[in-house]
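Residue-level structure breakdown
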Amino acid sequence: MHGLGESNLAQVCGCFMPLMGFMVVPSKFPKWLRWANVVPFHTYAWQSLMFNEFSGDESGHNVLELYEIEDVDVGRGMFVLLGYSLVIHFFSIVTLILKNPRRMSRKLKAS
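So, a few notes on the structure that sits alongside this text. The residue count restarts for each chain, going from 1 along the sequence in the order it is written. This being a predicted model, a pLDDT of at least 70 is required before a residue's local features are given, and a value of 80 or more before pairs of side-chain atoms are given or counted; all residues contribute to the totals for chains, interfaces and linings. Heavy atoms from the whole structure form the basis of all side-chain values; hydrogens and water molecules are not counted.

What we call a nonpolar core is a set of buried Ala, Val, Leu, Ile, Met, Phe, Trp, Tyr and Cys residues that are connected through their side-chain atoms within 4.5 Å. Burial classes follow relative accessibility: with a 1.4 Å probe on protein chains only, a residue under 20% of its type's maximum area counts as buried, one over 50% as exposed, and anything between as partly exposed. Residues Met20, Val25, Trp46, Met50, Phe51, Leu64, Tyr67, Ile69, Val72 and Val74 constitute the largest nonpolar core, which totals ten residues. Ranked by residue count, the leading element in this core is helix α2 (residues 41-54), at three residues. A contact between two residues is defined here by any heavy atoms of the two lying within 4.5 Å. Setting aside its immediate chain neighbours within four residues, Trp46 contacts Met20, Gly21, Phe22, Tyr67 and Ile69. Numbering of helices and strands starts at the N terminus; helices are DSSP runs of H or I of at least 4 residues and strands are runs of E of at least 2.

Backbone geometry at Glu68 places phi at a positive 60 degrees, although glycine is not the residue there. Mapped onto the elements of the fold, Glu68 is located in the loop between α3 (58-66) and α4 (74-99).

A cluster of nonpolar side chains, Phe22, Met23 and Val24, forms an exposed patch at the surface whose accessible area comes to about 290 Å². Note on placement: Phe22 falls in the loop between α1 (4-16) and α2. Residues enter patches when they are more than 30% accessible in relative terms and free of salt bridges; like-charged ones are connected within 9 Å and nonpolar ones (Val, Leu, Ile, Met, Phe, Trp, Tyr) within 5 Å. Surface accessibility in these figures is a Shrake-Rupley result with a 1.4 Å probe; residues are shielded only by whichever protein chains are displayed. By definition, a salt bridge exists where a carboxyl oxygen of Asp or Glu is found within 4 Å of a side-chain nitrogen of Lys or Arg.

Close contact between α2 and α3 brings their axes to 9 Å; oriented N to C, the two are set at 160 degrees. One element, α2, and the other, α3, form an angle in the roughly antiparallel class. Once α2 is placed against α3, the crossing between them reads as left-handed. Two secondary-structure elements touch here, α2 through Met50, Phe51 and Phe54 and α3 through Gly60, His61, Val63 and Leu64. Under the scheme applied here, ten amino acids are nonpolar (Ala, Val, Leu, Ile, Met, Phe, Trp, Tyr, Cys and Pro), four are charged (Asp, Glu, Lys and Arg), and all others, including Gly, are polar. A per-class count over the contact of α2 with α3 returns five nonpolar, two polar and no charged. Here, axes are lines fitted to C-alpha atoms. For helices the fit covers the stretch in contact, and angles between N-to-C directions go from 0 to 180 degrees. Relative orientations are named as follows: roughly parallel for angles under 35 degrees, roughly antiparallel for angles over 145 degrees, roughly perpendicular for angles from 65 to 115 degrees, and oblique for any other angle. If you view the pair so one helix is near and one far, a crossing is left-handed when the near helix is turned anticlockwise from the far one by less than a right angle, and right-handed when it is turned clockwise.

Further remarks concern the layout of surface pockets. The computed volume of the largest pocket comes to approximately 200 Å³. Taken together, Leu9, Val12, Cys13, Phe16, Val39, Pro40, Phe41, His42, Tyr84, Val87 and Ile88 make up the lining of the largest pocket. Ranked by residues supplied to the lining of the largest pocket, first place goes to α1 with four residues. Looking at the lining of the largest pocket residue by residue, the classes come out as ten nonpolar, one polar and no charged. Using a grid of 1 Å spacing that covers the protein atoms alone, one calls a set of points a cavity when a 1.4 Å probe fits there but cannot get out, and a pocket when the set is open and has protein on both sides within 12 Å along at least five of seven lines; lining residues are those with an atom within 4 Å of a point. Grid points are joined across faces, edges and corners, and a volume is the space filled by probe spheres set on the points.

Given below as C-alpha cells:
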C-alpha cells in the first residue's frame, strides 16, 4: 500500500508530459484541451531551459518558433516552479504530521 500514492503521482505526471509542448505543440491540441499545457510543472522547466539555450541567434529562434515558445518569460516560469515546490513541501509536511502526530509533537516540544 506504500507505493500506491507514488504510482498514482507517476501516472498523473506521465499523462501531462505529452502536453508540455515538446511532443505536441500547443496549437495542435484540441480546443477543449488547451488548458492542459499550463498545468504540468514540466512545461515551465522545459520552456525556460529551451529559451535559455536557444535564444540569441537566428537558428535558435527558429527552434523556439517551431515549439511556439519564442516569447517565454523565464522569470515567470521560475516563479511558478517555486510555487509548485512550496505547495508540494507544504503537503508533505502536513502528511508527515498527520501520519505520526505523537512523534512530531515530541520533537517540536524538545526543540
